[in-house]
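What follows is the residue order along each chain.
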Amino acid sequence: MPSERLKVVVTRRLPEAVETRMKELFNVTLRENDQQMSREELVAAMKDADVLVPTLTDTLDSSVISSAGDRLKLIANYGAGIDHIDVHTARQRGILVSNTPGVVTEDTADMTIALILAVTRRIPEGLATMQSGDWAGWAPTALLGGRVGGRRLGILGMGRIGQAVARRAKAFGMQVHYHNRRRLRPEIEDELEATYWESLDQMVARMDIISINCPHTPATFHLMNARRLKLMKPNAVIVNTSRGEVIDENALTRMLRAGEISGAGLDVFEHGHQINPRLRQLNNVVLLPHMGSATIEGRLEMGEKVLLNVKTFADGHRPPDLVVPAML
């Protein structure tokens, strides 16, 4: 399909450099504002496009994709996660799906460590004290947290990001443990000094810190449910920079309020931006607005991958980051 005839529709505002390059390469319709498209707007966009460039805020379920018409041939997702896209329905309709893997690995791992430190060292409480003007000076017992060196970190999901978290945790002196769908190769385990747990329950019960780094799939929905959260030690903390649906947010909130879990650092939430209001009231919780991948470098690299996928498709070849069934 010649690129000069390729109609591309972008659902959200992207970095200016990415949008400019798209205008140079394709017949592209850019978003005038950064508001999320409605369901009706998405359907209309898909009917008018050869290629749709959505983001994680766009729910492309079976009914939306089935309403797309026959023109749409590629969904070039701006992001690595694809749980908002019904890939099976897309494939049945002959629509390819691509994503941007590996781009934000280091950024998300950095944020994971930042949240671990923020929760264990009570950084937001210290900030609040300073901003309120209530600080009366240093005191031996004020705002005591705990050091991370020597603590056991249990990583749930040992893909690219999980391994990047492990490397950082090792540098901080933490003991790295992990649970994964498949055990890592021995040489990777040796490099990370990581201990594998086949039983997630057994790992959770023994860790000081749990880091969620697995994707959201039907198999991982509420993987950290009420029963499994209750296995955590009362002085343990949990951090999530992956997908909010992996944790039962209501159960977590109840346990944090009751002191059954020491603290939590959350960059993602079960219901998107609709956060359980009781979480906002807790001093032992650090909440961030999905900032894990929010670096200039990461956003530009994501755009470059989208451009490469679309341009390769336009030139009649398979997109390099094509999503295949084995990945789901």
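In this text the structure is predicted, and so the values were computed from the model without any measurement.

## Considering the sheet that holds strand 1 (residues 7-10)
Next up, step 1: Spatially, the 5 strands line up as an open sheet ordered 2-1-3-4-5, and their pairing is parallel. Where the open sheet ends on each side, the last strands, each with one partner, are strand 2 (27-29) and strand 5 (96-98). The mean inter-strand angle of the sheet, taken between neighbouring strand axes irrespective of direction, is 20°.
Next up, step 2: Two elements, strand 1 and strand 3 (residues 51-53), share 3 bridges in a ladder whose sense is parallel. Residue Val10 lies in a different strand from strand 3, and its bridge partner there is Val53.
Next up, step 3: Sheet strands in contact with helix 13 (residues 296-314) are strand 1, strand 3, strand 4 (74-76) and strand 5, and its direction is about 160° off that of strand 4.

## Topic: the nonpolar core
Next up, step 1: Formed by 29 residues in total, the largest nonpolar core has its most connected members in Ile212, Met224, Leu229, Met232, Ile238 and Leu252.
Next up, step 2: Elements with a minimum of two residues in this core: helix 9 (200-206), strand 9 (209-212), helix 11 (249-258) and strand 11 (263-266).
Next up, step 3: Among the elements that make up this core, the one with the highest residue count is helix 11 (4 residues).
Next up, step 4: With residues up to four places along the chain from it excluded, the contact list for Met232 reads Val204, Ile210, Met224, Val237, Ile238, Glu260 and Ile261.

Cut-offs used in this document
Residues numbered from 1 in each chain as written. Predicted model: local features only at pLDDT ≥ 70, side-chain atom pairs only at ≥ 80, totals over all residues. Heavy atoms only, no water. Pairing = 2+ DSSP bridges. Helix = DSSP H or I, 4+ residues; strand = E, 2+ residues; numbered from the N terminus. Axes fitted to C-alpha atoms, helices over the stretch in contact; angles between N-to-C directions. Contact = heavy atoms within 4.5 Å. Core = buried A, V, L, I, M, F, W, Y, C linked by side-chain atoms within 4.5 Å. Buried < 20%, exposed > 50% of the residue type's maximum accessible area, 1.4 Å probe, protein only.

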